[in-house]
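# Close look at the chain arrangement
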Amino acid sequence: MVATDGWMLAAADASLSLLLLVVHSAPAPNYGSLFLSLASNDTAALHLRALTLHPHVAGTRANSLTAAYVRDAFSSLSIPAHITPYSVLLSYPVERSLSLAVPGRATTTSFALSQETYPNDPYASATAEVMPTFYAYAASGSVSAEAVYANYGREEDFAYLASRGVDVAGKVAVARYGRIHCEDIVHNARVAGAAAAVVYTDPLQYGGAPGEAWFPDSRWLPPTGVQVGSLFRGVGDPTTPMWASSEGCERVSVEEAMDTDDMPGIPALPVSARDAAEIHAALGGDAAPADWQGREGSPVYRLGPGPAILNLTYTGNDTMATIENVFAVIEGAEEPDRYVILGNHRDAWTFGASDPNSGTAAMIELAQRLSVLQKQGWRPRRTIIFCSWDAEEYGLTGSTEWVEENREMLSSRAVAYLNVDVSVVGPVQDPDNSSQTVYDSWVKSNISPLDQAIPYIIRYTMTSCGWRNSEIQGSVGTLQVLLLLSLQHDERHFRITAASIWGMMALRLADEEILPFNYMSYPVELEAYTKVVENEVGGTAISCSPLHNAIRALKTAATKVNGERKELQRQLSSNQLKKDSMKIRSLNDRLMQAERAFTNREGLFKQEWFKHLVYGPSEQNDWESASYPGVENAIASARKENTTESWKFVQHEIHRVARAITQASVVLAGSLT
């Protein structure tokens, strides 16, 4: 089964920052070299196997056992560890059915809604434990209606259907994965008036070229494979919106939580490519456009509606359940009140071999190496916190609840958050040259830094980054890793490498006297984003001058603080300055707090959950990141409404971002206006 990633937030509901982390030198030569020398695939492999022996959906006993395993793994390394539970609203399937009827056809096709194992699958017995395919938080109900094909289920796809006179109201929308995430597909279907939705994995995206093999003979999804996920468009526990789900807290009722606009509101089911092919074959109406069609050799996809009639029933159990976050802490020696946070979620829709437990295994292996360093006399300057989050798949639930409960502490003390959910996925092509750095291989890959980054930008900001080793994804350009490693073209070595890169970044953040943050790249990136906005509002009265003025001020402040950092580093190296100097503490506080200035308590327009005004999820597709997301949301609304007020609101959003950038400049400069 393919599990959906969504926004893979962990610890801090954190935000991607354009901060330059140059990891080309060891944080402390002896300890850094020792850390790299301790790499062991054997330990990581053992942890990965133990964590993925059984499916472990959040709130189940199997997942509680993984929490105990991670806690005990940390404790065995003499790193104090504990579990923090929360009671939250989760969702499980009770009854599902889907059948296809066609007028004039004598028989009705009832879909099995099951995924087949392959012959001689050694884990077939464990596969039987997998929860039936479903969408978390889908509305319970039964619908019998004509089907309509809606391509990727985007707003523009439903707009196209309307332009062609295809009525979606009261119908079952059939859409495919490929451009936006399932919660957005179902939300758009409901807004268009659909009574239910069916989402499938089209071979065009998931089946490879015609004639190619599928798993286990290749990486492609088998014909009966299904991608599941959560349809909740918010984050955290739905019964405690914007506050922590702590014992005795205020809660809205389950009924109230399920009745919000963040919930899907209609029944929906994920289905396989094989089941969807039968539905397509029964659809009539006009042929869909060329870019709505399947892969070469597939039958022609038609729009409908009908004559295919889908009978869909879904009954869910939306219930309060206990989830468990696991924490382990290595306390800092000089600055114990400054936190470097390493996070990874643990729950999975099925086994979680790649997402997330390859990351969990890497995190435990990293901790094991640090425990060896401790035995050699090392203690970090700042506190390192390991976080194993629960219920991420449902909506970043475990991490959000912890952040909401510790919001003020984190806002003043957290230095950075580094998240790795997926450290290995399938064959890895880069880097495979031991004579070059990891960063060199990223540069040579010609991957667009912003397009490939998966930023974790949520509500309470700290410097953060998240990356996937296998896709060479990272905040490249915002995060530059120049760590020399000898790598082989082998998944096992990449699991080791993930822990090495992750750990070396953590060591620098935890040990260096002056935090390795450089804001000089921020103004360059912001100017690029501003030009995009200018192109989008061309021909209107909207002005981007406030952004340009604020960015110039940020550049001045970044240049000033960069010079200040260099001078303090010179004084440190010449012993003119003590390592515990308040000048260093003051500079570090400004470097740490400047990123927080980009947040706003009111949150993004249309996405109040998210607080960072420079980076965040797109309102049209929370699977992707957006620059100036509030501005983008306002522009999208203005294009639809095309009123004076709607365009005036775009200007307001531009001013909001400009004010945030100005505040970051003030914090960096460290002086009152």
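From a predicted model like this one, the values you see are computed outputs, not experimental measurements.

### Re the overall build of the chain
Within the chain, the secondary structure is distributed over 21 helices and 17 strands. Looking at the chain residue by residue over its 673 residues, the buried ones come to 58%. For the chain, long-range pairs separated by at least 24 residues make up 81% of all intrachain contacts whose partners lie at least 6 apart in sequence. Total accessible area computed for the chain in this model is approximately 25,900 Å², and 51% of it derives from carbon and sulfur atoms.

### Overview of helix H3 (residues 61–75)
For the α-helix, the turn length of 3.6 residues means that residues three or four positions removed from each other point alike. Under the 1.5 Å per step criterion, the end-to-end length of H3 is 21 Å for 15 residues, consistent within 8% with the ideal 21 Å. Every buried residue of H3 is accounted for by Asn 63, Thr 66, Ala 67, Ala 68, Val 70, Ala 73 and Phe 74. The inward-facing, buried residues of H3 abut helix H2 (41–51), strand S3 (81–101), strand S11 (309–330), helix H10 (357–375) and strand S13 (382–389).

### Focus: the pairing of strand S14 (residues 414–419)
Residues in a regular strand project their side chains so that they alternate between the two faces of the sheet. For S14, a buried count of six out of six residues is recorded, marking the element as mostly surrounded by other parts of the structure. Both strand S12 (residues 335–345) and S14 contribute to a ladder of five bridges, which runs parallel. Directly across from Val 340, in S14, lies its bridge partner Ala 416.

### Concerning the packing of H2 against H10
For the pair H2 and H10, the least separation of the axes is 8 Å and the interaxial angle reads 135 degrees. As judged from the angle between their axes, H2 and H10 are oblique. Of the two elements, H2 crosses H10, and the hand of that crossing is right-handed. Each of Thr 43, Ala 44, His 47, Leu 48 and Leu 51 in H2 lies in contact with H10, whose residues at this interface are Asn 357, Ser 358, Thr 360, Ala 361, Ile 364, Glu 365 and Gln 368. Here the contact of H2 with H10 is built from residues that sort into five nonpolar, six polar and one charged.

### Re helix H5 (residues 155–163)
Among the residues making up H5, those that are buried are Asp 157, Phe 158 and Leu 161. Looking straight down H5, one finds that the buried residues subtend no more than 95 degrees of arc, so they occupy a single side. Along H5, the residues that are exposed and aim more than 90 degrees away from the buried face are Ala 162 and Ser 163. Check the buried side of H5 and you find it contacts strand S6 (141–149), strand S7 (172–176) and helix H6 (182–191).

### A short note on the packing of aromatic side chains
Scanning all chains against the criterion turns up 17 aromatic pairs. Seen from their ring centres, Tyr 118 and Phe 215 are 5.7 Å apart, and the 75 degrees between their planes marks the pair as edge-to-face. Taken together, the residues span a long stretch of sequence, with Tyr 118 in the loop between strand S4 (109–110) and helix H4 (124–127) and Phe 215 in the loop between helix H7 (203–206) and strand S9 (227–230) at a distance of 97 residues. Using a relative accessible area of 25% as the deciding quantity, one classes Tyr 118 as partly exposed. A connected cluster of aromatic rings, assembled from ring pairs, spans Tyr 92, Phe 134, Tyr 137, Phe 232, Trp 349 and Tyr 394. The ring of Phe 35 has Arg 369 lying over it, and the distance from NZ or CZ to the ring centre is 4.6 Å.

### A short note on the confidence of the model for the chain
Here the chain averages 85 in pLDDT, while 84% of its residues score no lower than 70. This stretch, residues 1–28, has a pLDDT under 50; its non-local contacts, to residues over four places away or in other chains, come to 159 contacts. Between residues 427–432, whose pLDDT stays under 50, and residues either more than four places distant or in other chains, the model counts 16 contacts.

### Description of the nonpolar core
Core analysis: the largest hydrophobic core is formed by 170 residues, its most contacted members being Leu 90, Leu 370, Phe 386, Tyr 394, Tyr 628 and Ile 661. Residue contacts for Phe 386: discarding those within four places in its chain leaves Phe 74, Val 326, Phe 327, Ala 328, Ile 330, Leu 342, Met 363, Leu 366, Ala 367 and Leu 370.

### Considering the packing of helix H17 (residues 521–536) against helix H18 (residues 545–573)
Contact geometry for H17 and H18: axes closest at 9 Å, N-to-C directions at 175 degrees. It follows that H17 is roughly antiparallel to H18 by the angle criterion. Together, Tyr 522, Pro 523, Leu 526, Glu 527, Thr 530 and Glu 534 of H17 and Leu 547, His 548, Ile 551, Leu 554 and Lys 555 of H18 make up the contact between the two elements. By residue class, the composition of the contact of H17 with H18 is six nonpolar, two polar and three charged.

### Side note on the pattern of salt bridges
Scanning the entire structure with this criterion turns up 24 salt bridges. Residues Arg 585 and Asp 337 are paired through a salt bridge, measuring 2.7 Å at the closest nitrogen-oxygen approach. Of this pair, Arg 585 sits in helix H19 (residues 582–593) while Asp 337 sits in strand S12, and the two are 248 residues apart along the sequence. One salt-bridge network, held together by shared partners, links Glu 335, Asp 337, Arg 338, Arg 381, Arg 382, Arg 585 and Asp 589.

### Topic: the side chain of Glu 324
In this structure, Glu 324 sits in strand S11. Buried within the structure, Glu 324 lacks any salt-bridge partner; its nearest side chain of opposite charge belongs to Arg 346, at an N-O separation of 5.2 Å. When residues no more than four places from it in sequence are discounted, the contact partners of Glu 324 are Ser 64, Ala 67, Ile 83, Thr 84, Pro 85, Arg 346, Ser 388 and Asp 390.

### With respect to the pairing of strand S8 (residues 196–200)
Where burial is concerned, most of S8 is hidden: five out of the five residues are buried. Burial of S8 is two-sided: the residues Ala 196, Val 198 and Tyr 200 facing one way and the residues Ala 197 and Val 199 facing the other way are all buried. Viewed along the sheet, the connection from S7 through H6 into S8 turns out right-handed. Here S8 runs beside strand S10 (residues 268–271); their pairing, made up of four bridges, is parallel. By the bridge assignment, Val 199 is partnered in S10 with Pro 270.

Rules used throughout
Residues numbered from 1 in each chain as written. Predicted model: local features only at pLDDT ≥ 70, side-chain atom pairs only at ≥ 80, totals over all residues. Heavy atoms only, no water. Helix = DSSP H or I, 4+ residues; strand = E, 2+ residues; numbered from the N terminus. Buried < 20%, exposed > 50% of the residue type's maximum accessible area, 1.4 Å probe, protein only. Contact = heavy atoms within 4.5 Å. Areas by Shrake-Rupley, 256 points an atom, 1.4 Å probe, with all protein chains shown as cover. Expected span 1.5 Å × (residues − 1). Pairing = 2+ DSSP bridges. Axes fitted to C-alpha atoms, helices over the stretch in contact; angles between N-to-C directions. Parallel < 35°, antiparallel > 145°, perpendicular 65-115°, else oblique. Left-handed = near helix turned anticlockwise from the far one by under 90°. Nonpolar A, V, L, I, M, F, W, Y, C, P; charged D, E, K, R; others polar. Arc of directions from axis to C-beta. Phe/Tyr/Trp six-rings, centres within 6.5 Å; stacked < 30°, edge-to-face > 60°. Lys NZ or Arg CZ within 6 Å of the ring centre and 35° of its normal. pLDDT = per-residue confidence, 0-100. Core = buried A, V, L, I, M, F, W, Y, C linked by side-chain atoms within 4.5 Å. Salt bridge = Lys/Arg side-chain N within 4 Å of Asp/Glu carboxyl O. Lys, Arg positive; Asp, Glu negative; His and termini not counted. Right-handed = clockwise from strand over helix to strand, strands pointing away.

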